[in-house]
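Descriptive structure summary
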Amino acid sequence: MAESEIILVDRLRNKDKRAFELVFNEYFDTLTTYAFRFLDTREEAEEIVQEVFVKFWEKCESLAPDSSVKSYLYRSVHNTCLNQIKHEKVKDTYRQYIIGYMEDRTDDPYDEKNEDALYDRIMEEVNNLPPRCSEIFKLSRFEGLKYQEIADHLDISIKTVEVQMGKALKVLRTKLQQYFDGKH
C-alpha cells in the first residue's frame, strides 16, 4: 500500500473534511458510472453513491489503518446496489401478490385502477402506523428483512419486532377489510 494511501486513511480516521472532500471528488463520478451498470437510472445510481458516501463519512473513523479507500467504496456501492435490486424485487413480488389477490377476490375483471387504489391505500395506512411500527413493517415487507435482521438493525429485541408486526398486521387487516370483502 502506498504511503499516500496510509496518510489518507489516517486523515479520514481523524474526520478530516478536506481528505473526505478529496475522496468524494476523485471517486463520485466513477462510482456513479459503476452503480449505473446495476440500476435503471443515473439518478438512482447517484443517490446510491451519495448514500454510500454519507455512511462512509459516518464510519470512516473505524477504518482499518491499512484499508484501501477505493476498494471499500466500490464494495459498498456494489453491496448497496444489490440491496436496492433486492428491495425492488420484494416490492414487485408484493405488488404481484396484491394483483393476484385482487383478481381472486373481486367479481369484476382485473382493473388496474383497483390495484393502484389498493396499493395507494396500503401505503397510506402503513405510513399512518406509529413511526416505529411503520418502520418495522416496511423493513419486513418491503426490504425483505427477517425479524432477527430487523431487531439487529434497530437494536431492539426480536420480541419487540414480533409485537410491532402483529400490531401492524392487525391494524392493516382492519383498515383494509373492505378491499378484501369486495366492497371497494
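Secondary structure summary: the protein chain contains nine helices and zero strands in total. Residues classed as buried in the protein chain amount to 34% of the 184 residues present. Considering only contacts within the protein chain whose residues lie at least 6 apart along the sequence, 62% involve residues at least 24 apart. Carbon and sulfur atoms provide 48% of the accessible area of the protein chain, an area that totals close to 11,600 Å².

With that out of the way, let us pick up the packing of helix α6 (residues 131–141) against helix α8 (residues 158–175). Contact pair α6 / α8: the axes reach a minimum separation of 9 Å and the direction vectors enclose 90°. Here α6 is positioned roughly perpendicular relative to α8, judged by the angle of their axes. Packed against α6, whose contacting residues are Arg132, Cys133, Ile136, Phe137, Ser140 and Arg141, the element α8 presents Val161, Gln164, Met165, Lys167, Ala168, Leu169 and Leu172 at the interface. Here the residues of the contact of α6 with α8 are counted per class, giving eight nonpolar, two polar and three charged.

Bringing the confidence of the model for the protein chain into the picture now. In this model, the protein chain carries a mean pLDDT of 84, and residues with pLDDT of at least 70 account for 85%. Across the protein chain, helix α2 (residues 17–36) holds the top mean pLDDT of 95, while helix α9 (residues 177–180) sits lowest at 68.

For α2, built from 20 residues, the straight-helix expectation of 28 Å at 1.5 Å per residue is met to within 8% by its first-to-last C-alpha distance of 27 Å. Tyr27 marks the point of greatest bend in α2, at about 45°. Within α2, burial applies to Ala19, Phe20, Val23, Tyr27, Phe28, Leu31, Thr32, Tyr34 and Ala35.

Right, let's get into the packing of aromatic side chains. Under the definition given, this model contains ten aromatic pairs. Ring geometry for Phe137 versus Phe142: centroids 6.0 Å apart, planes at 90°, classification edge-to-face. A connected cluster of aromatic rings, assembled from ring pairs, spans Phe20, Phe24, Phe28, Phe53, Phe56, Trp57 and Tyr72. Lying across the ring of Trp57, Lys15 places its NZ or CZ 4.3 Å from the centre.

Here we come to the nonpolar core. Ranked by size, the top nonpolar core spans 24 residues in total, and within it Leu12, Val23, Phe53, Phe56, Val69, Leu73 and Val77 carry the most contacts. At the level of elements, α1 (3–13), α2, α3 (42–59) and α4 (69–105) are the ones that each hand at least two residues to this core. Looking at this core element by element, the count peaks at eight residues for α2. Those residues within four positions of Leu73 in sequence are excluded, and the remaining contacts are Val23, Tyr27, Leu31, Val52, Phe53 and Phe56. Judged by nonpolar contacts, the second largest core, of 19 residues, contains Ile98, Ile150, Val161 and Ala168.

With that settled, the discussion passes to the packing of α1 against α2. Any two packed helices are characterised by the angle at which their axes cross and by the distance between the axes. At a minimum axis separation of 8 Å, α1 and α2 run at an interaxial angle of 120°. As far as their axial angle goes, α2 and α1 are oblique. In this structure, α1 meets α2 at a crossing whose hand is left-handed. Packed against α1, whose contacting residues are Leu8, Arg11 and Leu12, the element α2 presents Arg18, Ala19, Phe20, Leu22 and Val23 at the interface.

Along the chain, Glu44 turns up in helix α3. Owing to a relative accessible area of 18%, Glu44 belongs among the buried residues under this scheme. When neighbours within four sequence positions are excluded, Glu44 is seen to be in contact with Leu39 and Gln84.

Conventions we followed
Residues numbered from 1 in each chain as written. Predicted model: local features only at pLDDT ≥ 70, side-chain atom pairs only at ≥ 80, totals over all residues. Heavy atoms only, no water. Helix = DSSP H or I, 4+ residues; strand = E, 2+ residues; numbered from the N terminus. Buried < 20%, exposed > 50% of the residue type's maximum accessible area, 1.4 Å probe, protein only. Contact = heavy atoms within 4.5 Å. Areas by Shrake-Rupley, 256 points an atom, 1.4 Å probe, with all protein chains shown as cover. Axes fitted to C-alpha atoms, helices over the stretch in contact; angles between N-to-C directions. Parallel < 35°, antiparallel > 145°, perpendicular 65-115°, else oblique. Nonpolar A, V, L, I, M, F, W, Y, C, P; charged D, E, K, R; others polar. pLDDT = per-residue confidence, 0-100. Expected span 1.5 Å × (residues − 1). Bend = angle between axes of the 7 residues up to and from the residue. Phe/Tyr/Trp six-rings, centres within 6.5 Å; stacked < 30°, edge-to-face > 60°. Lys NZ or Arg CZ within 6 Å of the ring centre and 35° of its normal. Core = buried A, V, L, I, M, F, W, Y, C linked by side-chain atoms within 4.5 Å. Left-handed = near helix turned anticlockwise from the far one by under 90°.

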